[in-house]
Amino acid sequence: MLLMSTNDIQPRSLAEQLHNSLITSCHDYAINIYHSGDIISASGAELDKNARKLAAAFTQAQISQTPVLVLLDSGYDFIQVLAAAIYSGITIAPCPVPKKTQDFQRLRSIVNDTRFSAAIVHERDRQHIKQCLPGVNVFTIEALMGEALALNAVSKFLPPRDNVAIIQYSSGSTARPKGVLLSGQMILANFLTVANDWQFNTQHRHLTWLPHYHDMGLFGGLLYPILSGGWLMVLDPNTFIKRPAVWLKLISQYRVNVSGGPPFAYEICLRYLSEKLTAQLDLSCWSLAFCGADYIPATLKKQVAHGLVDTGFSADAFFACYGLAETVLFAGGVKCRGGKINDELMHLHSHSTLPCYLGAKHTNIDIFSLQDNQPLAPGQEGEICLSGPAIALLYSSGEVPSFEYAHRRWIRTGDIGIISGDLLSITGRIKDIIKLRGKTLYPIDFAVLANKLYPQLNPHVFLLQTTESAEILSFSIETYTHQHSQWHVETSQALQLAFNEAFGIFVRDVIICKRNTMDRTTSGKVQRWKAKVSKEQNATH
């Protein structure tokens, strides 16, 4: 059964949609947490009751007056807190549990940005968090759940304070992380778009391993599957990183229909996929294999189809999607049916990235001129801008850049792209694209070429920047595996020649970096802004 048609009555609030989806779930165990080979399961009605009791504990503890940091591991505890916050009207900001010095520094920056006065943590982390954030009142999930057991479940859902349900922090790849203020209506509107475009139904089985403190994991991985009334399995991100084959095994074993992630997730699985494992997998059930990231290599779709051909996986199941926290999660990208992305259309999108199919109707996404805020003709390159009921207009520290056109408010994404033939190609970030000596240089093109020539190089961890008065180019890229120093030297020299031949430009410094040496965000993206600051600081010494 389809989740919702355009003729259905729309829910009045996010809390109402969540409550209805849980108490009417057709699955005996709607929520399933995979942990070290064991499965912890709960019914929709059980989660609903626990969340409403926890909401009562929030009210009793008087932690509903200001935004609350949620510093919990992926799993059932976090899902209960998420649902309880939606029911009780508490504004929450999910963040990763800090482990390293830079994690604590990021956390202090976030607290200073939004001025949180409360945090919900695991008991094991309480002392560290209290020391790190002396002005924040720290509550443990264990204590709150203990108090909730003796309380009556709330029956009335409260609206969020200042109409902000969730503060979603951006990853901080091109600038310091910003807190995007999201209302329940924005989240609900975005969910309904995804549910309609991806044709969610209550029988769908979802699996996520994505970090729950980023938009793709929080909304696409957890909340939207629950709101749809589907079946959900949660795999801890660390388990996936250590044993990526578990992802494919669980999809096969539990007949999962909807799951996905960034390009590296598919690539790492293909890299370690053995003939023995392939023979054990039946991925014919996997009908929606979404892929989202800043850059998706144009070759990835064919690589996935070829690598999984003997598992029953359908090549049409894999598709690219586009989104950002400023529109909650999803901006565009649906499954292509009947070979919509053909060679002719791919030729129009000649960059190194895989375009995403927007479908025939995509009125809330368009390409605008950087000069005069006017929409551009199909096939012309400009800034990708978004409109509609899910767009956010405020950060915790200021306004989201936006403008008025045709009686509608449009937000700027900072991404450059092309729309042609209902396909969107993201060609780069405005801050990253380099114009030098009459040429426009797209950093991803350099990374893709480097990986094509040397598969040991990681096309997702790289940096192209200018030095010395913006006249000299420098390109850095990490390796997947350890390589001896002489290989680094020889590869750097060969790439200089290859870049000059392909792009007509000389890159003076080609730096091959060891794995995990470039600064990253909590979502694994290169912190380009931080690298540029470091470069500028180093130039002054």
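Residues numbered from 1 in each chain as written. Predicted model: local features only at pLDDT ≥ 70, side-chain atom pairs only at ≥ 80, totals over all residues. Heavy atoms only, no water.

A. Structural detail: the overall build of the protein. For the protein, the helix and strand inventory stands at 17 helices and 27 strands. Out of the 541 residues in the protein, the part that is buried amounts to 56%. The contacts in the protein between residues at least 6 apart in sequence include a share of 70% that link residues at least 24 apart. (Helix = DSSP H or I, 4+ residues; strand = E, 2+ residues; numbered from the N terminus. Buried < 20%, exposed > 50% of the residue type's maximum accessible area, 1.4 Å probe, protein only. Contact = heavy atoms within 4.5 Å.)

B. Expanded view of helix 3 (residues 76–88). Here helix 3 spans 18 Å end to end across 13 residues, near enough to the 18 Å set by a 1.5 Å rise per residue. Most of helix 3 sits inside the fold, with 12 of its 13 residues counted as buried. Within helix 3 the residues assigned to the buried category are Tyr-76, Phe-78, Ile-79, Gln-80, Val-81, Leu-82, Ala-83, Ala-84, Ala-85, Ile-86, Tyr-87 and Ser-88. Two residues or fewer past helix 3, Gly-89 is found with a positive phi of approximately 80 degrees. (Expected span 1.5 Å × (residues − 1).)

C. Spatial organisation of the pairing of strand 2 (residues 38–42). Sheet analysis places strand 1 (residues 31–35) next to strand 2, joined by 5 bridges and oriented antiparallel. Across the sheet, the residue bridging to Ile-31 is Ala-42, located in strand 2. Counting the residues that bridge the hairpin from strand 1 to strand 2 gives 2 residues, and of these Ser-36 lies at a positive phi of roughly 50 degrees. (Pairing = 2+ DSSP bridges.)

D. Region of interest: the pairing of strand 11 (residues 258–261). Covered by surrounding structure in strand 11 are Val-258 and Gly-260 together with Ser-259 and Gly-261, the residues of both alternating faces. Across 4 bridges, the pairing between strand 11 and strand 12 (residues 288–292) is parallel. Residue pairing across strands places Gly-261 opposite Cys-291, the latter belonging to strand 12.

E. Layout of the pattern of salt bridges. Taken as a whole, this structure holds 9 salt bridges when the rule is applied. Notably, a salt bridge pairs Arg-124 with Asp-125, separated by 3.2 Å at the nearest N-O pair. Judged by relative accessible area, which is 48%, Arg-124 ranks as partly exposed. Note that Asp-509 and Arg-508 form a salt bridge whose closest N and O atoms lie 3.2 Å from each other. (Salt bridge = Lys/Arg side-chain N within 4 Å of Asp/Glu carboxyl O.)

F. Up close: the nonpolar core. Core analysis: the largest hydrophobic core is formed by 129 residues, its most contacted members being Ile-187, Trp-198, Phe-219, Tyr-224, Trp-247, Trp-286 and Leu-424. It is helix 3 that provides the largest number of residues to this core, a total of 10 residues. With near-sequence residues (within four places) excluded, Trp-247 lies in contact with Leu-207, Trp-209, Leu-235, Phe-240, Ser-259, Gly-260, Ala-265, Tyr-266, Cys-269 and Trp-286. Core analysis: the next-biggest nonpolar cluster, separate from the first, contains 26 residues, Ile-433, Phe-446, Ile-505 and Val-507 among them. (Core = buried A, V, L, I, M, F, W, Y, C linked by side-chain atoms within 4.5 Å.)

G. Highlighting the packing of helix 2 (residues 44–60) against helix 3. The interhelical angle for the contact between helix 2 and helix 3, taken along N-to-C directions, is 65 degrees, at an axis separation of 8 Å. Of the two possible hands of crossing, helix 2 and helix 3 adopt the one that is right-handed. Along the contact surface, helix 2 presents Glu-46, Leu-47, Asp-48, Asn-50, Ala-51, Arg-52, Leu-54, Ala-55 and Phe-58, while helix 3 presents Tyr-76, Ile-79, Gln-80, Val-81, Ala-83, Ala-84, Ala-85, Tyr-87 and Ser-88. Residue composition of the contact of helix 2 with helix 3, by class: 12 nonpolar, 3 polar and 3 charged. (Axes fitted to C-alpha atoms, helices over the stretch in contact; angles between N-to-C directions. Left-handed = near helix turned anticlockwise from the far one by under 90°. Nonpolar A, V, L, I, M, F, W, Y, C, P; charged D, E, K, R; others polar.)

H. Broad picture of the sheet that holds strand 25 (residues 457–467). Ordered by their spatial adjacency, 3 strands build an open sheet running 25-26-27, and the pairing between neighbours is mixed. Because the sheet does not close on itself, it has two edges, and the strands there are strand 25 and strand 27 (507–513). When the angles between neighbouring strand axes are averaged without regard to direction, this sheet yields 20 degrees. Across 6 bridges, the pairing between strand 26 (residues 472–479) and strand 27 is parallel. Across the sheet, residue Leu-473 finds its bridge partner in strand 27, namely Val-507. Packed onto the sheet, helix 15 (residues 443–453) meets strand 25, strand 26 and strand 27 and runs at close to 135 degrees relative to strand 25. Sheet strands in contact with helix 16 (residues 485–503) are strand 25, strand 26 and strand 27, and its direction is about 140 degrees off that of strand 27.

I. Looking closely at the state of the cysteines. One pass over the full model with this rule turns up 0 disulfides. Cys-336 forms no disulfide, and the closest cysteine sulfur to it belongs to Cys-356, at a distance of 8.8 Å. Assessed through its relative accessible area of 9%, Cys-336 is described here as buried. In this model Cys-356 remains outside any disulfide bridge; the closest cysteine sulfur is found in Cys-321, 7.4 Å from its own. Overall, the relative accessible area of 2% leaves Cys-356 in the buried class. (Disulfide = S-S within 2.5 Å.)

J. Geometry of helix 16. With 19 residues, helix 16 extends 27 Å from end C-alpha to end C-alpha; this agrees with the ideal 27 Å at 1.5 Å per step. Along helix 16, the residues classified as buried are Trp-487, His-488, Thr-491, Ser-492, Leu-495, Ala-498 and Phe-499. Projected down its long axis, helix 16 shows its buried positions confined to an angular sector of 135 degrees, all on one face. Seen from the open side of helix 16, the exposed residues pointing more than 90 degrees away from its buried face are Leu-497 and Glu-501. On its buried face, helix 16 is in contact with helix 15, strand 25, strand 26 and strand 27. Following helix 16 by one or two positions, Gly-504 adopts a phi angle in the positive range, close to 65 degrees. (Arc of directions from axis to C-beta.)

K. Geometry of the side chain of Arg-52. Examined against the element boundaries, Arg-52 turns out to sit in helix 2. From its side chain, Arg-52 meets the backbone oxygen of Val-154 in a polar contact 3.0 Å long. Residue contacts for Arg-52: discarding those within four places in its chain leaves His-19, Tyr-87, Ala-153, Val-154 and Phe-157. (Polar contact = N/O pair within 3.5 Å; in protein donor to acceptor, adjacent residues only side chain to side chain.)

L. Quick look at unusual backbone geometry. Positive phi values are uncommon outside glycine, yet Gln-199 reaches one of about 55 degrees. Of note in this structure, His-407 is not a glycine but carries a positive phi near 65 degrees. Looking at where His-407 falls in the secondary structure, it is placed in the loop between strand 20 (402–405) and strand 21 (408–420). Here His-407 falls in the exposed class, since its relative accessible area comes to 79%.

M. Expanded view of the confidence of the model for the protein. Across the protein, pLDDT averages 88, with 90% of residues at or above 70. Segment residues 533–541 is flagged for pLDDT under 50; beyond a separation of four residues in sequence, or across chains, it makes 3 contacts in the model. (pLDDT = per-residue confidence, 0-100.)

N. Local environment of the environment of Pro-443. Turning to its location among the elements, Pro-443 is positioned in helix 15. Under the relative-accessibility criterion, Pro-443 is labelled buried at 4%. Along the chain, Pro-443 and Leu-464 lie 21 residues apart, while their C-alpha atoms are 5.6 Å from each other. Those residues in contact with Pro-443 that sit more than four places away from it in its chain are Asp-432, Ile-433, Phe-462 and Leu-464.

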